[in-house]
Amino acid sequence: MTVGLLSLLAVLVLAFLRVPLAFALLSVSLGGIGVVMGWDVARSLVPMTISEAVFSYELAVVPMFILMGNILARTGISDDLFRAANAFLGPVRGGLALSTMVTCAGFSAVCGSSLATAATMSKVAYPSMKRYGYSDALASATIAAGGTLGILIPPSIILMIYGILTQTNIGHLFVAGVVPGLLGLLMYLLVIYAVARISPQDAPRGERTTMAEKLHALRGVWPFTLLFVLIIGGLYGKLFTATEAAGMGAGLALILSMVQGRMSWQDFRHIFIETATTSVMLYSVLFGALLFAKLISFSGLGEGILELFNQAGLGPWGTIVAILVVFLLLGCVMDSLAIILICVPLFVPILLAHGFDLVWFGIIVVVVTEIALITPPIGMNVFVLKATLPHVRLGAIFRGLTPFIAIDLVRLALLVIFPSISLALVAFMK
Amino acid sequence: ATTLTMSSWVSPTHFLTPEVFQPWIEDVKRVTEGRVDVRILPKPVGAPAQHWELARKGVADITWGNFTYEPDRFKAVWFSEMPFIGTKAEASSVALWETYEKYLAGKPAFEGVVMLGVGLFGGGQIHHGSKNIVEPDDLKNQKVRMGGPIQKRLLEDLGAVAVAGPGPKAYELLESGVVDASLHTIESVINFRVEDKLKHHTIVPGGFYDASFFVVINEGKWNKLSEADRKAIMSVSGEKLSRLWGQRFDAQNKAGEAKLRAEGHVFNAPSKALFERIGAVRERMLADWAAEGPSFGVDKPMEMLEFFEQRYKAHAGK
Amino acid sequence: MDAYLSRIRKGVEALLILTLAGMVLLTFIDVIGRRLFGAPLYGAHDATEHLMAIMVFCGLPLLTAARGHLTVDLFDKWLLRPGWVWWHRLVSALVALVLLLIAYEFLNSAIEAGKIQEISQSLSIPRGGMYGFIAFTSLLSALAALLGCFAAPPSHPVTVQSHATQERAK
Ligand code: NA
Ligand code: NA
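Keep in mind it's a predicted model, so treat the numbers as computed, not measured.

Calculation criteria
Residues numbered from 1 in each chain as written. Chains lettered and ligands numbered in written order. Predicted model: local features only at pLDDT ≥ 70, side-chain atom pairs only at ≥ 80, totals over all residues. Heavy atoms only, no water. Pairing = 2+ DSSP bridges. Helix = DSSP H or I, 4+ residues; strand = E, 2+ residues; numbered from the N terminus. Axes fitted to C-alpha atoms, helices over the stretch in contact; angles between N-to-C directions. Core = buried A, V, L, I, M, F, W, Y, C linked by side-chain atoms within 4.5 Å. Buried < 20%, exposed > 50% of the residue type's maximum accessible area, 1.4 Å probe, protein only. Domains from an automatic or database assignment. Contact = heavy atoms within 4.5 Å. Buried area = accessible area lost by both parts, 1.4 Å probe. Salt bridge = Lys/Arg side-chain N within 4 Å of Asp/Glu carboxyl O. Polar contact = N/O pair within 3.5 Å; in protein donor to acceptor, adjacent residues only side chain to side chain. 1 Å grid on protein atoms, 1.4 Å probe; cavity = no way out; pocket = protein on both sides within 12 Å on 5 of 7 lines; lining within 4 Å. Points joined across faces, edges and corners; volume = space filled by probe spheres on them. Nonpolar A, V, L, I, M, F, W, Y, C, P; charged D, E, K, R; others polar.

Time to look at the sheet that holds strand β9 (residues 200-202) of chain B. Remark on secondary structure: sheet strands pair via backbone hydrogen bonds, oriented parallel or antiparallel. All names here are of chain B. Spatially, 6 strands are ordered β7-β6-β8-β5-β9-β11 in an open sheet, and the strand pairing comes out mixed. In this open sheet, the two edge strands, each paired with only one partner strand, are β7 (161-164) and β11 (266-268). With strand direction ignored, the average angle separating the axes of adjacent strands in the sheet is 25°. Two elements, β9 and β11, share 3 bridges in a ladder whose sense is parallel. Its bridge partner being in β11, His201 is matched across the sheet by Phe267.

So, on to the nonpolar core. Met101, Phe327, Phe361, Leu401 and Phe404 of chain A are the most contacted members of the largest nonpolar core, which totals 213 residues. For this core, the element with the highest residue contribution is helix α15 (residues 265-299) of chain A, accounting for 19 residues. Of the residues that make up this core, three or more belong to each of domain 1 (1-55 + 287-299) and domain 2 (56-263 + 300-429) of chain A. Ignoring sequence-local partners within four residues, the contact set of Leu401 of chain A consists of Ala141, Ala144, Ala145, Ile374 and Val382 of chain A. Formed by 87 residues, the second largest nonpolar core is a distinct cluster that contains Trp245, Met285, Leu286 and Met304 of chain B.

Before going further, it helps to examine the sheet that holds strand β1 (residues 2-7) of chain B. Residue and element names in this part refer to chain B. With mixed pairing, the 5 strands of this open sheet are ordered in space as β2-β1-β3-β10-β4. The outermost strands of the open sheet, each flanked by one partner alone, are β2 (36-40) and β4 (113-120). In this sheet, neighbouring strand axes are inclined to one another by 25° on average, regardless of whether the strands run parallel or antiparallel. Two strands pair when backbone bridges link them, and β4 and strand β10 (residues 212-218) are joined in this way by 7 bridges, in the antiparallel orientation. Residue pairing across strands places Val114 opposite Ile217, the latter belonging to β10. Seen against the sheet, helix α9 (residues 239-262) touches β3 (62-66), β4 and β10 and runs at an angle of roughly 25° to β4.

Now for the interface of chain B and chain C. One frequently used descriptor of interface size is the decrease in accessible area upon assembly of the parts. Between chain B and chain C, the contact holds 21 residues from the first and 13 residues from the second. Together, the buried faces of chain B and chain C total about 1400 Å²; carbon and sulfur atoms form 51% of this surface. Our count for the contact surface shared by chain B and chain C stands at 2 salt bridges. Measuring nitrogen to oxygen at the nearest pair gives 2.6 Å for the salt bridge that ties Glu112 of chain C to Arg56 of chain B. Put simply, chain B and chain C have 2 residue pairs in polar contact (both at pLDDT 80 or more) between them.

Turning to the interface of chain C and chain A, a few remarks are in order. Listed as interface residues are 63 residues of chain C and, on the opposing side, 65 residues of chain A. With both sides pooled, the region where chain C packs onto chain A buries about 5800 Å², and carbon together with sulfur makes up 78% of that total. Counting every contact that joins chain C to chain A gives 2 salt bridges. Two residues, Glu13 of chain C and Arg269 of chain A, come together in a salt bridge whose shortest N-O distance is 2.7 Å.

If a probe the size of a water molecule is rolled over the atoms, the empty space left behind becomes visible. Inspection of every chain in the model, using the stated rule, returns 10 cavities of 30 Å³ or more. Approximately 140 Å³ is the volume found for the second largest cavity. Contributing to the lining of the second largest cavity are 15 residues, with Val163 and Ala164 of chain B together with Leu41, Gly43 and His45 of chain C lying nearest its centre. Only β7 of chain B together with α1 (2-37) and α2 (44-65) of chain C provide two or more residues apiece to the lining of the second largest cavity. If you tally residues by element for the lining of the second largest cavity, the top one is β7 of chain B, at 4 residues.

Moving on to the domain arrangement of chain A. All names here are of chain A. What the domain assignment lists for chain A is domain 1 (1-55 + 287-299) and domain 2 (56-263 + 300-429). With 22 residues of domain 1 in contact, the opposing surface of domain 2 contributes 17 residues. Both sides together, the interface formed by domain 1 and domain 2 hides about 1500 Å², and carbon and sulfur atoms give 80% of it. Of all residues in domain 1, the largest losses of buried area upon contact with domain 2 belong to Met1, Phe16 and Ile296, amounting jointly to 31% of the total for that side. Applying the counting rule to domain 1 against domain 2 returns 4 residue pairs in polar contact (both at pLDDT 80 or more). For the side of domain 1 that touches domain 2, the elements supplying multiple residues, two or more each, are α1 (2-16), α2 (21-37), α3 (39-54) and α15. Class assignment of the residues belonging to the side of domain 1 that touches domain 2 gives a composition of 18 nonpolar, 3 polar and 1 charged.

So this is what it looks like as structure tokens:
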């Protein structure tokens with residue numbers, strides 16, 4: 001228990017001191033396991049843990065989903081989506097922001113990463129909003145918040161990694177994310193509508209479009225629709241497994257962009273190498289996280305914390321609240337992937353001991369880390385925006401985000417109190 | 001007091017934990033008068049196929065697993081996974097323990113650990129989602145989940161498409177249509193929760209195949225225990241643990257069959273032609289296996305098989 | 001030397017593209033074969049796992065050389081000041097050390113895999129070769145990290161952060 005606690009601390013300190021997360025996790029785990037179990041055990045666990053992860057078919061899903069998102073981002077399918085949403089929502093007050101939000105949700109439905117969604121949308125939607133006189137605060141906050149829908153609406157890299165760490169069915173996790181994701185979208189739309197009502201100068205009206213223009217814009221949406229139907233339909237209709245959905249999605253995106261002549265050889269090369277590089281980065285961190293999970297298991301830290309919670313008189317619900325507070329606090333200073341990798345192995349035995357549903361908890365974890373992505377002082381989505389839009393002030397983005405964060409907390413409470421929001425669809429699927 | 005760690009790759013609710021491992025752990029505690037305890041780790045420390053290595057290298061002190069999860073390494077025990085090896089798990093598990101003791105203990109493949117018990121699961125059978133498998137051609141072009149070299153060869157000989165996948169993945173594979181059928185014990189149809197997906201069961205007399213399991217402890221750790229404790233632990237392990245293993249599988253299989261019959265599932269017996277076909281594959285596989293005897297260090301593999309079968313008959317009371 | 005390195009890089013990149021494309025192609029063939037023709041590809045999962053292992057460990061030296069590993073850049077404002085150069089060299093040394101250990105342990109596993117006849121589940125591909133490959137590329141990565149000890153440390157905060165952020169955004 002002491003070794004486990006010290007190791008957790010050491011990982012955090014090293015990570016903040018700029019030791020690459022993978023190596024912070026690997027070196028601390030090696031040391032910790034060495035102390036608890038002996039040096040020989042620590043050493044022999046290194047190749048065993050790495051081959052366990054690398055020869056795992058479930059994990060092959062990760063590069064293929066990243067590939068699909070990269071193809072869509074690079075070949076401009078997302079621009080078409082925005083144009084279509086805008087043809088319909090543009091004329092409403094705050095319409096551009098509304099269509100940005102819808103596009104974020106739509107794009108995230110085929111893209112696994114919220115950072116990728118935010119980065120893509122800042123290129124697609126921000127210039128238009130500026131052109132029509134939107135305030136920096138609303139324009140950038142809309143994109144930053146919209147990006148967080150990406151890790152809930154399936155497919156989602158975070159949900160996949162959660163599924164792998166906890167051995168939960170990834171297909172069920174994806175289906176469980178649908179309603180909470182749509183709920184998030186709806187609430188965000190309400191926020192934009194309210195902001196546009198209260199301070200109209202932040203969100204001017206767009207141009208009217210004719211029916212012909214609307215229909216024309218709609219034509220650009222079919223590749224995206226096809227992909228969405230393939231993936232969600234395939235998963236829900238049990239045509240293939242989550243891993244296979246990734247391969248099918250990536251393959252179809254590749255074919256579509258080639259048929260439409262959207263992809264040059266240069267693009268192709270760039271997309272593939274970028275995907276591979278990102279995957280290698282994710283894998284390295286996963287190796288570390290899996291070894292760290294073993295250290296936690298050996299050191300008895302999970303059981304220790306559970307006992308601590310029990311002694312403190314926290315019942316099951318008190319435990320959940322305590323865990324969520326830990327996630328939210330860590331979310332202020334760390335990105336969501338790191339939090340999940342470090343904390344989920346620690347808390348899952350506790351949740352199991354209390355009999356909580358791991359699919360439900362996965363959704364909760366994602367919503368919490370989503371909130372973490374947009375809360376000050378550290379919000380990765382905000383930083384991505386800042387990197388792509390250097391002239392926008394950080395303060396303005398965070399100010400614009402305040403109502404979005406508020407409504408997110410409401411959604412979190414709803415999801416915690418009513419597990420069926422997440423689980424009803426899964427139950428129906430079974 | 002010494003606390004040994006145990007890595008187990010089924011969930012704590014799977015019957016093996018409360019019905020086999022926990023009672024055995026209680027026995028160990030009792031006979032060592034509390035000097036030795038076993039703690040099951042909250043999570044397995046490796047993939048199922050790595051569990052032999054985990055014990056050999058001392059990552060966990062005690063592990064259990066399926067010999068043929070590492071297909072070539074334990075070729076010596078392949079005979080016990082052949083068709084018709086016997087559906088009484090208690091008898092076959094004890095017979096396997098006796099065979100291990102007499103023919104296999106001390107062979108290089110089994111070095112680095114001490115065998116605490118072995119087990120078979122009382123005959124794997126063919127379970128299909130929608131079709132009755134009775135004739136040799138019924139399995140033609142059917143996609144069947146399976147998990148071992150012997151099962152693969154059996155299925156391919158019957159014209160089926162073998163799809164490799166671990167048992168706990170059967171639900172997902174069936175649900176997404178990756179496979180039409182799956183090979184399991186009856187007990188697993190229920191314990192892996194695929195009873196809604198598999199409604200047609202073909203019960204091959206003597207079993208379509210079997211799966212051989214080990215429970216092992218790291219040798220170094222074992223030698224660190226006092227001789228009295230080792231002796232005490234062995235008095236509740238070995239044949240006794242193997243028998244407990246088999247008994248629980250027998251009980252689970254029996255209860256499972258009753259449950260599935262009550263739910264209106266279809267139970268079939270193979271036709272004479274199918275049965276003979278399986279028998280012919282068995283003979284060929286055994287001949288190939290026996291020819292490789294020198295490579296896995298058994299001089300007279302067929303004699304070992306005969307010994308096993310004779311012990312099985314003795315225990316099964318035939 | 002540089003021309004040589006760039007040729008190696010090109011070769012590795014080609015391998016990355018091939019393995020990733022191979023994974024997508026395998027899945028496509030397997031699913032379509034199964035759904036439309038009732039004939040899945042035997043061992044598709046096993047083959048995918050191997051392709052992935054090759055991809056990950058091919059990319060590891062490239063990523064390490066490019067300092068692309070996921071890093072928490074919260075305190076870059078302070079940590080990237082010149083006074084911290086010694087620390088970044090130390091970190092590179094730690095990374096190199098861990099990678100060296102991985103290489104060494106996989107070398108041991110490769111030797112052992114032959115002895116215990118370790119093979120993959122459905123295609124019976126010997127693991128020894130894969131372990132040897134992993135040991136080799138981990139060693140390359142260790143060397144790449146070691147070069148980082150002597151190369152210029154991560155420099156200007158703004159460029160580093162935006163680079164890291166872009167890496168992740170992609
Ligand atoms: Na998504
Ligand atoms: Na935050």
